[in-house]
Amino acid sequence: MTATVPPLAGLCTFTEAQRTAMSVEDCVAWMKRHHYVLLRLHGIFTARITAEPLYELKTTFSLCSYLCAEHVSAIRKRVSELREPPLGLEVVPHAGLKLCADEVLAAPTTGALLLGLYEVLLPALAESLDVYVATTNLLADAPSVRVTRFCRLEVADMLAFGQQAIAATVTAAERTQLTPWLTMLQTTLNVAGGLGGRGTVSEELPSPMFTAQPYVYDAVPKRDGRFRDSYNAGVNPEAFLYDERFSPRDKVLMLYYKRLREIDVPEMMASILHETVGKPWGFYADMSRQLWDEARHAMLGEVGFVSLGLDWSQIPINFTWSLNLNTQLTPQERHAVLFFIEQGLMPKSGKRYEWEIGQQSGIPLAAVFQDFDWADEVLHAQMGRQWYVSSFGDLKPALEYGDRCWSKVLSHWRDYIDRGLTEHRNWWPEVYRQACERWGVTPDATALAFHETYADQRADLRSISASG
Ligand SMILES: [Fe+2]
Ligand SMILES: [Fe+2]
């Protein structure tokens, strides 16, 4: 046998373990740049969720917000291990990096945003992460290398998505029009000595283009053309789910709808994240995780419809919850409402009940989805206790405040009709009939006739989006 067991724990060669180019101080300075750019990417992805109409981008931005937050957390921890208190992680490493991120945040169109993210910031980050691993001592600095490689892996995933999204949405004319801006962005990175700061640094910044005016966050949710009749409150899913006359199989269809409707939660949570300043980093990290979970719950609903061969765009996916919360409440009040709703899911009649419906339905997919959905919601209730209840000291006043905030939210269902925004059409029978066709069963006459709508009374309003 000629094979040998690899030396150095399989990390690297003896040559790579003898690199001397980088001291601890050099590594920290370099990683702080990765930290800064990931922090800004997290902020950009988050800020652009609410008003991005295209559903696939809304959900992907939710994922990227979470991924960037995870890597920010990992680098913060690693930097803290390198003799670094005070950490100095709030310091802007170079004005060029800041200008570049500010400009991408303020990109006036989705096309510009995608090009700035996926053709400037993320490729520059990928390159810098690669060069870091190619430069530092792979044995002495192994913990940083590990963090950097994990980050690189997910940056590659993000870039692969971005390329496809750009190919599908950005026209040649749009790209040509944005070329001067993209060149300017590249200049901002060049004057910063490259994203990693290893090149020649200059103080001569290019003139701002999109940030000539200050960026204004758009808190009004937007939806793409598949979302029709978004003010519709013509069906009350909770009334159906808790009615014992209806079968678990039929309730699964309503659960898929409830899951898909959760796309309003990231739209709302993004506004809390963007508009809340000065919290410890853990707040933003946990809230970003929850935001991503809620986008994932919406996609579980989407998959449910696909699994039945049903076109979800024929159903109105209501958005008045995120719209009203974002435009009527402060960020802290929105967080209070979110916690109040999610805490309400914890008793047996909440998420466990939805899982039981999935179990009893004989539809394995529904059981799996509700099982994970329940697990996620338990996590969210814990996060809520840590970051929201802690400021009240006790659960009771925290819930009472959430209850009061929720009661303040005005939703004028009749007014929506008067303004021609919706007719509150009862969409249930059509989709239920189609589902029964897929299942090869005759529709249950009582379930087919179900028609309970959200009325304009407070008690009914409160159950809208009570899925969390
Ligand atoms: Fe949740
Ligand atoms: Fe959820």
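Residues numbered from 1 in each chain as written. Chains lettered and ligands numbered in written order. Predicted model: local features only at pLDDT ≥ 70, side-chain atom pairs only at ≥ 80, totals over all residues. Heavy atoms only, no water.

With that settled, the discussion passes to the packing of aromatic side chains. What the rule picks out here adds up to 25 aromatic pairs. Here the aromatic rings of phenylalanine 45 and phenylalanine 61 are separated by 5.5 Å at their centres, their planes lie at 55 degrees, and the arrangement is tilted. Residue phenylalanine 45 is found in helix H1 (residues 24-47), and its partner phenylalanine 61 is found in helix H2 (residues 55-80); the two are separated by 16 residues along the sequence. Note on phenylalanine 45: relative accessible area 0%, which makes it buried. Here lysine 279 stacks its cationic end above the ring of phenylalanine 283, 5.3 Å away from the centre of that ring. (Phe/Tyr/Trp six-rings, centres within 6.5 Å; stacked < 30°, edge-to-face > 60°. Helix = DSSP H or I, 4+ residues; strand = E, 2+ residues; numbered from the N terminus. Buried < 20%, exposed > 50% of the residue type's maximum accessible area, 1.4 Å probe, protein only. Lys NZ or Arg CZ within 6 Å of the ring centre and 35° of its normal.)

Right, let's get into the domain arrangement of the chain. Per the domain assignment, the segments of the chain are domain 1 (19-191) and domain 2 (237-461). Each of domain 1 and domain 2 has a C-alpha centre, and these two points are 32 Å apart. Each partner contributes to the interface: domain 1 provides 17 residues, whereas domain 2 provides 21 residues. Three residues stand out in domain 1 for area buried against domain 2, namely Thr50, Tyr55 and Tyr66, and they jointly supply 34% of the buried area on that side. Across the domain 1-domain 2 interface, the total number found is one salt bridge. Residue glutamate 267 is joined to lysine 58 by a salt bridge in which the shortest nitrogen-to-oxygen separation is 2.9 Å. Applying the counting criterion to the domain 1 and domain 2 interface returns five residue pairs in polar contact (both at pLDDT 80 or more). Breaking the side of domain 1 that touches domain 2 down by element, the ones donating at least two residues are H1 and H2. For the side of domain 1 that touches domain 2, the element with the most residues is H2, which contributes 11 residues. (Domains from an automatic or database assignment. Contact = heavy atoms within 4.5 Å. Buried area = accessible area lost by both parts, 1.4 Å probe. Salt bridge = Lys/Arg side-chain N within 4 Å of Asp/Glu carboxyl O. Polar contact = N/O pair within 3.5 Å; in protein donor to acceptor, adjacent residues only side chain to side chain.)

Take the pattern of salt bridges next. Per the counting criterion, the structure on display carries 32 salt bridges. Residue arginine 296 pairs with aspartate 293 through a salt bridge whose shortest N-O separation is 2.7 Å. One end of the pair, arginine 296, and the other, aspartate 293, are both in helix H10 (residues 281-307), three residues apart, so they sit about a helical turn from each other. Here arginine 419 ties to aspartate 415 by a salt bridge, and the two come within 3.2 Å at their closest N and O atoms. A cluster of three or more residues bridged by salt bridges with shared partners is formed by Glu238, Lys258, Arg259, Arg261, Glu262, Lys351, Glu354 and Asp373.

Before going further, it helps to examine helix H17 (residues 428-439). Over its 12 residues, H17 extends 16 Å from the first C-alpha to the last, a length consistent with the 16 Å expected when each residue adds 1.5 Å. Within H17, burial applies to Trp428, Pro429, Val431, Tyr432, Ala435 and Cys436. One side of H17 holds all its buried residues, which, seen down the axis, span an arc of 165 degrees. Residues of H17 that are buried in the fold lie against helix H7 (237-241), helix H8 (248-261), H10 and helix H18 (445-448). (Expected span 1.5 Å × (residues − 1). Arc of directions from axis to C-beta.)

A few words now on empty space enclosed by the protein. The full count for this structure, using the stated rule, is three cavities of 30 Å³ or more. Approximately 70 Å³ is the volume attributed to the largest cavity. Taken together, Met287, Gln290, His335, Leu338, Phe339, Glu342, His380, Ala381, Met383, Gly384 and Trp387 make up the full set of residues lining the largest cavity. Listing elements by their share of the lining of the largest cavity, those giving two or more residues are H10, helix H12 (331-343) and helix H14 (364-387). Examining the composition of the lining of the largest cavity, we find that five residues originate from one element, H14, more than from any other. Taken together, the residues of the lining of the largest cavity sort by class into six nonpolar, four polar and one charged. For the second largest cavity, the calculated volume is near 40 Å³. Tyr36, Val37, Arg40, Leu41, Ile44, Leu97, Ala101 and Leu121 together form the lining of the second largest cavity. Contributing elements (two or more residues each) for the lining of the second largest cavity: H1 and helix H3 (95-105). It is H1 that contributes the most residues to the lining of the second largest cavity, five residues altogether. Broken down by class, the residue content of the lining of the second largest cavity amounts to seven nonpolar, no polar and one charged. (1 Å grid on protein atoms, 1.4 Å probe; cavity = no way out; pocket = protein on both sides within 12 Å on 5 of 7 lines; lining within 4 Å. Points joined across faces, edges and corners; volume = space filled by probe spheres on them. Nonpolar A, V, L, I, M, F, W, Y, C, P; charged D, E, K, R; others polar.)

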